[in-house]
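Here is what each chain is made of, one letter per residue.
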Amino acid sequence: MSIQWVLVSGFLYSEIALALLLSLPFISCKRWHRIFNSSIIALITAYVNWIFVCFLSGLVVLFADSLREMYVYTGQDKKIDMAGAAAPSAQEHVLMRLFRAQRNFYITGISLFLLIVLRTMLSRVSRIARLEANNEAIQKQAVSAGNMNKTLLEENSALKKSSEGKEDLLEEIKQMEELKDQVKAAERKAEQSKADAEAMRKQSENLTMEYDRLLIEHQKLQDTVMPTDKKDE
């Protein structure tokens, strides 16, 4: 295995490890968001788009190269058989080349797919963390507005008992109604934020299930490829 395919294999294993870390249930989206906002990671995230484009371009080039090799060596073993009494090692050499091309095709294809999946997962995790932070802020505002409303209601009750001026009482009641409307609006906004956060969480779970399915297929592929690879070596 040449150096570029060793690097691609290492990159694939790193993608799998990162995807598993993102799928761990005891690491919340808030914690991941704090990790992403740390001073060291912030320097990397400043150039994350360029890094993604570079890795994507390299994987696309290697993917195309593996396709080219598969096209070149596909069917050559049959041509050697038809040529007559050729050396048996020639056919084995062609089959080995074809196997390596197919192996490289699957490695680069899965790496390319996981790169896109991980980018989506990271963006979803960051978005969910921001939604949860906004939701907490809105809930605190709603609680504060509810306490203020309760205090104003108590003051309004005391004012009704002690006040004799009807105009002042009507003005206070009008202000109370406005505060009630503000509280209701804040509560509706908090409920909407909860619904958005729940929807993003469900999307993240669906993405995790899709990754688990891909991981099972990758494991099956490794089970079929690795014994043959060891035999060729």
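Residues numbered from 1 in each chain as written. Predicted model: local features only at pLDDT ≥ 70, side-chain atom pairs only at ≥ 80, totals over all residues. Heavy atoms only, no water.

### A word on the nonpolar core
(1) Moving on: Formed by 29 residues in total, the largest nonpolar core has its most connected members in Val-8, Leu-12, Leu-59, Leu-114 and Met-121.
(2) Moving on: Listing elements by their share of this core, those giving two or more residues are helix H1 (3-23), helix H2 (29-36), helix H4 (48-73), helix H6 (88-162) and helix H7 (166-232).
(3) Moving on: Looking at this core, the element that brings in the most residues is H6, giving 12 residues.
(4) Moving on: Sequence-distant contacts of Met-121, defined by excluding residues within four places in its chain, comprise Ala-19, Leu-22, Ser-23 and Leu-207. (Core = buried A, V, L, I, M, F, W, Y, C linked by side-chain atoms within 4.5 Å. Buried < 20%, exposed > 50% of the residue type's maximum accessible area, 1.4 Å probe, protein only. Helix = DSSP H or I, 4+ residues; strand = E, 2+ residues; numbered from the N terminus. Contact = heavy atoms within 4.5 Å.)

### Details of the side chain of Ser-111
(1) Moving on: Relative to the helices and strands, Ser-111 resides in helix H6.
(2) Moving on: Under the relative-accessibility criterion, Ser-111 is labelled buried at 0%.
(3) Moving on: At 2.8 Å, the side chain of Ser-111 and the backbone oxygen of Ile-107 are in polar contact.
(4) Moving on: Every residue in contact with Ser-111, bar those within four places of it in the chain, is listed here: Val-8, Phe-11, Leu-12, Glu-15 and Leu-59. (Polar contact = N/O pair within 3.5 Å; in protein donor to acceptor, adjacent residues only side chain to side chain.)

### Points about the confidence of the model for the protein
(1) Moving on: Predicted confidence across the protein gives a mean pLDDT of 77, with 79% of residues reaching 70 or more.
(2) Moving on: Across the protein, the secondary-structure element scoring lowest on mean pLDDT is helix H5 (residues 76-83), at 56, and the one scoring highest is H1, at 85. (pLDDT = per-residue confidence, 0-100.)

### Topic: the packing of aromatic side chains
(1) Moving on: Under the defined criterion, the tally for this structure stands at three aromatic pairs.
(2) Moving on: Look at Phe-105 and Tyr-106: their rings are 5.4 Å apart centre to centre, the planes differ by 65°, and that puts the pair in the edge-to-face class.
(3) Moving on: Looking at Tyr-106, the relative accessible area reads 39%, which means it is partly exposed. (Phe/Tyr/Trp six-rings, centres within 6.5 Å; stacked < 30°, edge-to-face > 60°.)

### Overview of H4
(1) Moving on: The terminal C-alpha atoms of H4, which comprises 26 residues, lie 37 Å apart, in line with the 38 Å expected from a rise of 1.5 Å per residue.
(2) Moving on: Where H4 is concerned, the buried positions are Phe-52, Leu-59, Leu-62, Ser-66 and Tyr-73. (Expected span 1.5 Å × (residues − 1).)

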